[in-house]
Amino acid sequence: MTEQATMQALAALVPEGSRVLDLGCGDGAMLDYLQRARRCSGYGVEIDDANVLACVRRGVNAIQLNLDEGLAIFEDNSFDVVLQIDTLPHLRNAEVMLRETARVGRTGIVAFPNFAHWPNRLSVLRGRMPVTRRLPYQWYDTPNIRVGTYKDFEVLAHKNRLRILDAFGMQEGQVVRWLPNARAGTAVFHFERAA
Amino acid sequence: MPLLATTQFQHFSEPLALQCGAVLADYRLAFETYGRLNAERSNAVLVCHALNASHHVAGVYEGREKSEGWWDNMIGPGKPVDTDRFFVIGINNPGSCFGSTGPMDTNPATGEAYGADFPVVTVEDWVHAQARLLDVLGIGQLAAVLGGSLGGMQALSWTLQYPERVRHAVVVASAPNLTAENIAFNEVARRAIVTDPDFHGGHFYRHGLVPKRGLRIARMIGHITYLSDDVMNEKFGRSLRPLAQREGAAPTTDDPAALLRDYHYSTQDIEFQIESYLRYQGDKFSEYFDANTYLLITRALDYFDPARAHGGNLTQALAPATAKFLLVSFSTDWRFAPARSREIVKALLENRRDVSYAEIDAPHGHDAFLLDDARYLGVVGAYFERIAKELA
C-alpha cells in the first residue's frame, strides 16, 4: 500500500522518542504508528468529529480545534516535531499556520500534493484542472483551497526564514529526489527555524 | 431488564474538617452503586453531580417506572459508561437535600435543623467526603472520575487532591472557575431566595414555610442560562399559550392555533409559551429543592478556583494531576463555554499530560451535557472503551 509507505517515509524523519504535534491528524493513524514504532508521544489536532472519535478509540490524544483559528493553545517550542500531512492545502491561512508550526515545534514536517506533478501540468495544458488519484476533486468542490507546488513551498519556506533540513518527493510510495517538482505527486519538506 | 437502583447510606462519625474552618462532626452520605467491583478493585468509576442532581445517576427504583437517574443515557448496561464492565458509584454531596447530611438535618449543636447554619462547603470538601466513602468501599484507586458542569469541577479537583487515586478524569461542560457573569447569575438567584419573606434568614423550617417564590425565580434564571437562544427560539419562539392550558400545567408546544390567537394585553397573565415553560419549571423545582441547599451549591460553584492559590496560574495549579483526561464542551454552551474547557486543556498540555478534547457542535447550550447526542455519547463511550481495555 503506497499510503503505508508514505507514512513510513515520513515517520523515518521523526526521531525516536520525539514529542509530536500532528496538525490535521485525521484518524490518528500516523501518531498511533509513531507511538508504537518510534516511542513518540504527543497530540493530534482535528476539526472533524468522526476523526476525533477515531483517535480516542485508538488511544491517540486528540484536541478538537479549527486550525484556521490558530494554535494559541500551544506554547512556543513545546514540541520536537510538528507534522502537517496533507493539511496545508485545506487552510485559509496556510502561511500563518506554517509560521505557527515553526513557533510551537523545533522542527516541522510538511507534506502536500504537488500541483506541478507532470500529469497535473499536462491536464492544465489541455485546459482543464487536474482530477487524479492524488487530487481527486473537481475544481469547484475541492477542499484543497491552497494548491501549490514543490518549488512554491521552497519559496514560501525561504520567505518565512525556515531552514530546509531535507526535501524530497513521494510517488507510488517511493522517495523521489531527482526532479521532484515534476516527478512526484507529493512534496515533503523537513525544516527548522533559521536562528 | 432495566437497571435497578438502590440508595444506600453510609454514616461517618469521624469529623470532616471543612475549608471554611468549620467541622462536620457527624454526617451521612447517600450513594448508589451499579455493576460489580472486580477482584482487583480496579474498575470503579465515580460520578460527581452538578447543581440540582443527586446520587441517583442511573437506573430506576423498583416499581417506579419513570424514576430514571439523571445520567441514565450515559450510564448503564451497554451504555457509554458500561455497568457490565465498570463499578459505577453515584454519590450525593454534603449540603444537598437529597439524602446526604444537609441544611434540613438536625444540627447536633442546637438540636434544631441546620438551616442557614449549615457550614459553607466547597468542591474540595466534597472531594474529601467522596474519598472517605471510597475508603469504606475498599477502593484505593478509581479507574475514572466523571462529572459535568459543577460535577466536572469535582472531577478536576480529584486529580489535584488525590492524584494517585485517579487514573482517568472525564470533565464535561465545565470550567476552571466561574466568570464574573456566571457568579452574577448565581447572585441573582441567591438574592431571589434570600429576599423571599418566607426565607426567614434560612430558618424557614421552624415556621413551616418554604421560600417558594425565591426558589422559582432562581430556577427560572438558571434555566434560561442552561439553554441557548437558538434552542429557545426553536422550542418556543413567540408562540402564545393555548387558551385551554391550565395555570401550572406543563406547556405544550406545536399548537398552531396558539400562534394566531389575540394577545390578552395583560402585563401579568402568561402570554407566551416561554413564560409558561419557565413558570412550570420554577413551580416544579420549588416543590422539591431546598433553598439553603441552593445557596450552598451555587456558592461552591463561585468559590471553586484551583488557580487562585497559584496567583491565577492554572498550569501551575494542575501540575499535581497525573490522570489522563478527556474534556468535552458544547459549542452553544455560554454558561460553561468551550473557551473555558480549552483553558483546562491548555494547562494540561503545558504540564505534558495525556488529554483529549472534543468540542461538540450542539445547539442545546449547557443542557447538552445531559442530552442524547451521538457524537458526545460516542466519544465518551470510546474513551471508556479504552479504559476498559486497560483493565483486561
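Each chain has its residues counted from 1, following the order in which its sequence is written. As a convention, the first chain written is A and the first ligand written is 1, with the rest following in written order. For a predicted model such as this one, the threshold for reporting local features is a pLDDT of at least 70, and the threshold for listing and counting side-chain atom pairs is 80 or more; totals across whole chains, interfaces and linings nevertheless cover every residue. Water and hydrogen atoms were dropped before computing side-chain values, which therefore reflect all heavy atoms in the structure.

### With respect to the overall build of chain A
Then comes step 1: Put simply, DSSP marks the helices as runs of H or I at least four residues long and the strands as runs of E at least two long, and each gets a number from the N terminus on. Helix and strand counts for chain A stand at seven helices and eight strands.
Then comes step 2: Each radius of gyration is computed over the set of C-alpha atoms, and the globule rule expresses the reference value as 2.2 Å times the number of residues to the power 0.38. The C-alpha radius of gyration of chain A comes to 16 Å, within 12% of the 16 Å expected for a compact globule of 195 residues.
Then comes step 3: If you line up chain A on its principal axes, its C-alpha atoms span 45 × 40 × 30 Å.
Then comes step 4: When contacts within chain A are restricted to residue pairs at least 6 apart in sequence, those whose partners lie at least 24 apart make up 64%.
Then comes step 5: Here the Shrake-Rupley method, with its probe set to 1.4 Å, supplies the accessible areas, and only the displayed protein chains count as covering residues. As displayed, chain A offers around 9,500 Å² of accessible surface, 52% of which is attributable to carbon and sulfur atoms. Whether two residues are in contact is decided by their heavy atoms: any pair within 4.5 Å suffices.

### Section: the overall build of chain B
Then comes step 1: When helices and strands are tallied, chain B shows 11 helices and 12 strands.
Then comes step 2: A globule of 392 residues ought to have a C-alpha radius of gyration of about 21 Å, and chain B, at 21 Å, matches this closely.
Then comes step 3: Note on exposure labels: buried denotes an accessible area under 20% of the residue type's maximum, exposed denotes more than 50%, and partly exposed covers the range between, all computed with a 1.4 Å probe on protein chains only. Among the 392 residues that make up chain B, the fraction classed as buried is 57%.
Then comes step 4: Relative to all contacts within chain B whose residues are 6 or more apart in sequence, the contacts with residues 24 or more apart total 71%.
Then comes step 5: As presented, chain B carries roughly 16,400 Å² of accessible surface, and 51% of it is formed by carbon and sulfur atoms.
Then comes step 6: Residues scored as charged are limited to Lys and Arg (positive) and Asp and Glu (negative), so that His and the chain ends carry no count. Taken as the charge location is NZ of Lys, CZ of Arg, CG of Asp or CD of Glu. Averaging the coordinates of the 36 positive side-chain charges in chain B and doing the same for the 47 negative ones gives two points 2 Å apart.

### Observations concerning the side chain of Asp333(B)
Residue and element names in this part refer to chain B.
Then comes step 1: Turning to its location among the elements, Asp333 is positioned in the loop between strand S11 (324-330) and helix H10 (338-350).
Then comes step 2: Of the buried charged residues, Asp333 lacks a salt bridge, with Arg335 as the closest side chain of opposite charge at 7.5 Å.
Then comes step 3: Among the polar contacts listed, one links the side chain of Asp333 to the backbone nitrogen of Phe336, at a separation of 2.8 Å.
Then comes step 4: Ignoring any residue separated from it by four or fewer positions in sequence, one finds Asp333 in contact with Ala173, Pro338, Gly365 and His366. Within this document, salt bridges are pairs made up of a side-chain nitrogen of Lys or Arg and a carboxyl oxygen of Asp or Glu, the two lying within 4 Å of each other. Nitrogen and oxygen atoms within 3.5 Å of one another constitute a polar contact, given that in protein one can donate a hydrogen and the other can accept it, and given that sequence-neighbouring residues count only through two side-chain atoms.

### A few points about the nonpolar core
Then comes step 1: For our purposes a nonpolar core is just a set of buried Ala, Val, Leu, Ile, Met, Phe, Trp, Tyr and Cys residues, chained together by side-chain atoms within 4.5 Å. With 152 residues, the main nonpolar core has Phe74(A), Ile75(B), Trp158(B), Phe325(B), Phe330(B), Tyr376(B) and Phe384(B) as its most contacted residues.
Then comes step 2: For this core, the element with the highest residue contribution is helix H11 (residues 374-391) of chain B, accounting for nine residues.
Then comes step 3: If near-sequence neighbours (up to four positions away) are discounted, Trp158(B) is found in contact with Leu46(B), Cys48(B), Val127(B), Gln130(B), Ala131(B), Leu134(B), Leu142(B), Val145(B), Pro163(B), Arg165(B) and Val166(B).
Then comes step 4: Residues Ala94(A), Leu98(A), Val110(A) and Phe189(A) belong to the second largest nonpolar core, which totals 13 residues.

### Digging into the packing of helix H3 (residues 180-194) of chain B against helix H4 (residues 212-226) of chain B
Residue and element names in this part refer to chain B.
Then comes step 1: Angles run from 0 to 180 degrees between N-to-C directions of axes, and those axes are lines fitted to C-alpha atoms, restricted for helices to the stretch in contact. The geometry of H3 relative to H4 is characterised by a closest axis approach of 7 Å and an angle of 165° between their N-to-C directions. Considering the angle they form, H3 stands roughly antiparallel to H4. Crossing of H3 against H4: the hand is right-handed. When H3 is examined against H4, the residues Phe185, Val188, Ala189, Ala192 and Ile193 are found in contact with a partner set consisting of Gly214, Leu215, Ile217, Ala218, Ile221 and Thr225.
Then comes step 2: All residues other than Ala, Val, Leu, Ile, Met, Phe, Trp, Tyr, Cys, Pro, Asp, Glu, Lys and Arg, Gly among them, are scored as polar; the first ten of these are nonpolar and the last four charged. Considered class by class, the residues forming the contact of H3 with H4 number nine nonpolar, two polar and no charged. What sets the label is the angle itself: under 35 degrees gives roughly parallel, over 145 gives roughly antiparallel, 65 to 115 gives roughly perpendicular, and the rest give oblique. Each crossing is labelled by how the near helix is turned from the far one, with a counterclockwise turn of less than a right angle marking it left-handed and a clockwise turn marking it right-handed.

### As for the interface of chain B and chain A
Then comes step 1: Between chain B and chain A, the contact holds 19 residues from the first and 20 residues from the second.
Then comes step 2: Both faces combined, the contact of chain B with chain A buries some 1,700 Å², and carbon together with sulfur accounts for 56% of it.
Then comes step 3: Buried area: the sum, over both parts, of the accessible surface (1.4 Å probe) that disappears when the two are put together. Taken as a group, Leu349(B), Arg352(B) and Arg386(B) account for 28% of the area that chain B buries against chain A, more than any other trio of residues on that side.
Then comes step 4: Arg375(B) is the salt-bridge partner of Asp49(A), the closest N and O atoms lying 3.6 Å from each other.
Then comes step 5: Taken together, chain B and chain A are joined by 10 residue pairs in polar contact (both at pLDDT 80 or more).
Then comes step 6: Among the elements that take part in the side of chain B that touches chain A, H11(B) stands out by supplying six residues, more than any other.
Then comes step 7: Among the residues forming the side of chain B that touches chain A, the class breakdown is eight nonpolar, two polar and nine charged.

### Description of the packing of aromatic side chains
The geometry of two aromatic rings is summed up by the distance between their centres and the angle between their planes.
Then comes step 1: To pair, rings of Phe, Tyr and Trp, with the six-membered ring standing in for Trp, must have centres within 6.5 Å; the planes then decide the type, stacked if under 30 degrees apart, edge-to-face if over 60, and tilted in the middle. Under the criterion given, the structure shown has 28 aromatic pairs over all chains.
Then comes step 2: Between the aromatic rings of Tyr114(B) and Phe118(B), the centroid separation amounts to 4.9 Å while the plane-to-plane angle is 75°, which identifies the pairing as edge-to-face. Phe118(B) shares its class with Tyr114(B); the two are buried.
Then comes step 3: The structure contains a cluster of three or more aromatic residues connected by ring pairs, namely Phe112(A), Tyr150(A), Phe153(A), Phe189(A) and Phe191(A).
Then comes step 4: Against the face of Tyr162(B) rests Arg165(B), its NZ or CZ located 5.9 Å from the ring centre.
Then comes step 5: Geometry around Tyr303(B) places Arg299(B) over its ring, the cationic atom sitting 5.3 Å from the centre. Both a distance and an angle decide whether a charge sits over a ring: NZ of Lys or CZ of Arg must be within 6 Å of the ring centre and within 35 degrees of the ring normal.

### Examining the pairing of strand S8 (residues 87-91) of chain B
Residues and elements named next belong to chain B.
Then comes step 1: Here S8 lies mainly inside the structure; five of its five residues are buried.
Then comes step 2: Residue alternation in S8 divides its side chains into two sets, Phe87, Ile89 and Ile91 and Val88 and Gly90, and both sets are buried.
Then comes step 3: A pair of strands is labelled paired if DSSP reports no fewer than 2 bridges between them. Inspection of the sheet shows strand S4 (residues 27-34) paired to S8 by four bridges, in the antiparallel sense. Its bridge partner being in S8, Glu32 is matched across the sheet by Gly90.

### As for the pattern of salt bridges
For side chains bearing opposite charge, pairing can occur when the charged atoms are close.
All names here are of chain A.
Then comes step 1: Evaluated as defined, the whole model comprises 33 salt bridges over all chains.
Then comes step 2: Between Arg177 and Asp166 there is a salt bridge, and its shortest N-O distance comes to 3.0 Å. Of this pair, Arg177 sits in the loop between strand S7 (174-176) and helix H7 (180-183) while Asp166 sits in strand S6 (residues 162-171), and the two are 11 residues apart along the sequence.
Then comes step 3: Judged by relative accessible area, Arg177 falls into the exposed class, the value being 53%.
Then comes step 4: Classification of Asp166 as partly exposed rests on a relative accessible area of 22%.

### Some points on the packing of helix H1 (residues 123-137) of chain B against helix H2 (residues 150-161) of chain B
Residue and element names in this part refer to chain B.
Then comes step 1: At a minimum axis distance of 9 Å, the contact between H1 and H2 shows a crossing angle of 70°. The angle between H1 and H2 falls in the class roughly perpendicular. Judged by the twist between their axes, the crossing of H1 over H2 is right-handed. On H2, the residues that touch Val123, Glu124, Trp126, Val127, His128, Gln130, Ala131 and Leu134 of H1 are Leu150, Met153, Gln154, Ser157, Trp158 and Gln161.

### Quick look at the confidence of the model for chain B
Then comes step 1: Per-residue confidence for chain B gives a mean pLDDT of 95, with 96% of residues at or over 70.
Then comes step 2: Overall fold confidence for the complex sits at a pTM of 0.95, while the interface term, ipTM, reaches 0.95. The quantity known as pLDDT measures the predictor's confidence residue by residue, on a range of 0 to 100.

### A few points about the side chain of Asn73(B)
Residue and element names in this part refer to chain B.
Then comes step 1: If you trace the backbone, Asn73 turns up in the loop between strand S5 (44-48) and strand S6 (75-76).
Then comes step 2: A polar contact is formed between the side chain of Asn73 and the backbone oxygen of Leu370, at a distance of 3.1 Å.
Then comes step 3: In this structure Asn73 touches Lys79, Pro80, Leu370, Leu371, Asp372 and Leu377, once residues within four positions along its chain are discounted.

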